[in-house]
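Secondary and tertiary structure notes
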Amino acid sequence: MATVVTVTSGKGGVGKTTSSAAIAAGLAQAGHRTVVIDFDVGLRNLDLIMGVERRVVFDFVNVISGEATLNQALIQDKRLENLSILAASQTKDKDALTEEGVGQVLEQLAEMGFEYIVCDSPAGIERGATMALHFADHAVIVTNPEVSSVRDSDRILGILQSKSKRAKEGGKVHEHLLITRYDPARVDNGEMLSKEDVCDILAVKLIGVIPESKAVLKASNTGVPVILDDDADAGLAYGDAVARFLGEDRPMRFVTPKKQGLFSRILGGGD
Amino acid sequence: MMAPRIRANRYSVMTLEWPKDSEPLEQWLKEQCDKAPALMQEIAIVLKPSLEHESEEIQAAIDSLDQLGIGLIGLTGDSSHRALADEMGLAWLSPNNVTVEPQSEKERDVNQPRETALVVEGPIRSGVQVYAKDRDLIVIGQVSEGAEIMADGHVHVYGRCRGRVAAGVSGQTNAEIFCLTFEPELVSLAGTYCGSDQIPENLWSARVRVGLDENSQKLTFGLMG
Ligand SMILES: Nc1ncnc2c1ncn2[C@@H]1O[C@H](COP(=O)(O)OP(=O)(O)O)[C@@H](O)[C@H]1O
Ligand SMILES: [Mg+2]
């Protein structure tokens, strides 16, 4: 039985794709056979972040419409043997994602022996997003520490617990909260919500706080999921989050402002 | 393919009762909008002029509602105003067609004992509506901002209540609201409501009980031990 993990948020630009890539890579690193699927039909950027954009021949929609087999469309990651990517189509229309078609692809992936299927959900509550939510066993809710993002996440949680397959069958989707783009200095100044505030509003178990970091942009420009960057705070924080998702207990890091030491002040500071 | 269908759904629609000898309507509406701006923008209203109102007066009232951005969906009251509703493209809501819940053979006393409570586990999220028909509602856990919980009976929230709460929604004036942590957007009892801006400050985040004073038709707030 494969576990479907949907990465979602409601709002765009909060870090869903960055997080999907990191979580999928983290699960694969931990030894689990994992596939990550881009549900953002029409935009398609998971393949860029995974550094496989030039290897995309067939995509998710091709498989659903029977134009290609799953084997033809799956892209094996070059760094992690346990990891595969299923890209989204850049051109096809969103209605191509039918419930039946998506369900069949997920079933086939499970039969192929994948343990985790990570779904990168698009923003909003349209087709791609609802399809990604529909089949979720676990949902990772990505939220930025600001009011509008938190409110959208709350709304998505409501949809998740009423519209998902699990909910309709009387069960519950497991919820995990991931706060991204966290800037402890701005939290201290009161410019951003604190992680405590966010948890208080959403009442969902927190699996990680990812700091705002230049390493994220660098990682996506070079096509290497940031979790594979051991020198980056964001990478380490994603590592912790995946470990917590898998049940490990780890203390939160990078949640207090960096002390500006004498050296860094003299040398100009920075990340 | 799904066929279109007509369903009975519940929306909260308020009736604006407008007696002939009342203070000028426009002024009164402006005050309401100042008191609870968000609320007034969101409610749907049916205007009930009195028999003596002239068409011109009603038309002026409709214009004021429009200018204040209050959503008017129709007219009700004396059937002599029906032609005006038609003329203005508004719905006519016949006063004879008001549904009194429950629609049982013999009309039930609204203050009679009800079924056992509907118990739901929170969090009740933004955008979600819960309605306990003919009974009390108990929420275990939080109610998020943007959620709506309603009951014909009492409403109890064993958690943080940040959404909209309505008790006695079919007119039960003895219904009450009980919250462990009281931070609602709106509370309403038997149709009498108030927005968060009208809630006494010392009650914010406290354990609060809300009732309705039948004489003054005002909400009463009390701290619970
Ligand atoms: N922790 C972070 N620090 C800095 N920038 C980030 C972080 N997470 C995401 N970003 C940036 O935010 C933007 C949106 O991220 P993305 O993962 O594409 O979001 P989404 O998929 O939710 O639209 C990208 O430019 C990305 O580089
Ligand atoms: Mg994205």
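Residues numbered from 1 in each chain as written. Chains lettered and ligands numbered in written order. Predicted model: local features only at pLDDT ≥ 70, side-chain atom pairs only at ≥ 80, totals over all residues. Heavy atoms only, no water.

**Here's the deal with the overall build of chain B**
Quick reminder of the rule: Only DSSP runs of H or I with at least four residues qualify as helices, and only runs of E with at least two residues qualify as strands; both kinds are numbered from the N terminus onward. Per-residue accessibility, obtained with a 1.4 Å probe over protein chains only, is compared with the maximum for each type, and a residue is labelled buried under 20%, exposed over 50%, and partly exposed between these values. Here a residue-residue contact requires only that any non-hydrogen atoms of the pair lie within 4.5 Å. For the accessible areas, the method is Shrake-Rupley and the probe is 1.4 Å, while residue cover comes only from the protein chains on display.
On a plain count of helices and strands, chain B comes out with four helices and 15 strands. Within chain B, the fraction of its 225 residues that count as buried is 41%. Counting only contacts in chain B whose residues sit at least 6 apart along the sequence, the fraction spanning at least 24 positions is 36%. A total accessible area of about 12,700 Å² is found for chain B, and carbon and sulfur atoms account for 48% of it.

**Here's the deal with the overall build of chain A**
Put simply, the rule reads: For the radius of gyration, the atom set is restricted to C-alpha positions; the globular benchmark scales as 2.2 Å times the number of residues to the power 0.38. Just so you know, the count uses Lys and Arg for positive and Asp and Glu for negative, and it drops His and the chain ends. Charged groups are reduced to one reference atom each: NZ for lysine, CZ for arginine, CG for aspartic acid, CD for glutamic acid.
Across its full length, chain A holds 13 helices and eight strands. Taking 2.2 N^0.38 as the reference for a compact globule, 271 residues should give roughly 18 Å; the C-alpha atoms of chain A span a radius of gyration of 18 Å, in line with that estimate. With respect to the principal axes defined by its C-alpha atoms, chain A has extents near 60 × 40 × 35 Å. The contacts of chain A with a sequence gap of at least 6 include a subset with a gap of at least 24, amounting to 74%. Accessible area for chain A stands at about 12,500 Å²; split by element, carbon and sulfur atoms hold 50% of it. Counting 30 positive and 38 negative side-chain charges, chain A places the centres of these two groups 3 Å from one another.

**Let's talk about a nonpolar patch on the surface**
Heads up, the rule is: Put simply, a patch holds well-exposed residues, over 30% relative accessible area, that have no salt bridge, with like charges counted together within 9 Å and Val, Leu, Ile, Met, Phe, Trp or Tyr side chains within 5 Å. Basic side-chain nitrogens of Lys or Arg form a salt bridge, by our definition, when they fall within 4 Å of a carboxyl oxygen of Asp or Glu.
Taken together, the side chains of Val119(B), Ile140(B), Tyr158(B) and Leu180(B) present a nonpolar region at the surface, about 340 Å² in accessible area. Along the chain, Ile140(B) turns up in strand 7 (residues 135–140).

**Things to note about the sheet that holds strand 10 (residues 164–167) of chain B**
All names here are of chain B. This is how the line gets drawn: Note: two strands are recorded as paired if DSSP finds a minimum of 2 bridges between them. All axes here are fitted lines through C-alpha atoms, helices being fitted over the stretch that makes contact, and every angle between N-to-C directions spans 0 to 180 degrees.
Taken together, the five strands give an open sheet; going across it, the order is 6-8-10-12-13, and neighbouring strands pair in mixed fashion. The outermost strands of the open sheet, each flanked by one partner alone, are strand 6 (129–132) and strand 13 (192–195). On average, each strand axis in the sheet is inclined to that of its neighbour by 10°, with strand direction left out of account. Summarising the sheet, strand 8 (residues 148–151) and strand 10 pair through three bridges and their orientation is parallel. Its bridge partner being in strand 10, Glu148 is matched across the sheet by Arg164.

**Looking at the packing of aromatic side chains**
Stated formally: Classification of ring pairs uses Phe, Tyr and Trp, with its six-membered ring standing for Trp, and accepts pairs whose centres are within 6.5 Å; under 30 degrees between planes counts as stacked, over 60 as edge-to-face, and the remaining range as tilted. As a reminder, the over-ring test applies to NZ of lysine and CZ of arginine, requiring each to be within 6 Å of the ring centre and within 35 degrees of the ring normal.
On inspection of all chains with the given rule, the structure shows three aromatic pairs over all chains. Measuring from ring centre to ring centre gives 6.2 Å for Tyr116(A) and Phe245(A), while their planes differ by 65°; the resulting arrangement is edge-to-face. Taken as a pair, Tyr116(A) in strand 5 (residues 116–120) and Phe245(A) in helix 12 (residues 233–245) lie far apart in primary sequence, 129 residues in all. Of the two residues, Tyr116(A) and Phe245(A), both sit in the buried class. Between Phe182(B) and Phe221(B) the ring centres are 6.2 Å apart and the planes differ by 55°, which places this aromatic pair in the tilted class. Of this pair, Phe182(B) sits in strand 11 (residues 177–182) while Phe221(B) sits in strand 15 (residues 218–223), and the two are 39 residues apart along the sequence. Arg33(A) extends its terminal NZ or CZ atom over the ring of Phe114(A), reaching a point 4.3 Å from the ring centre.

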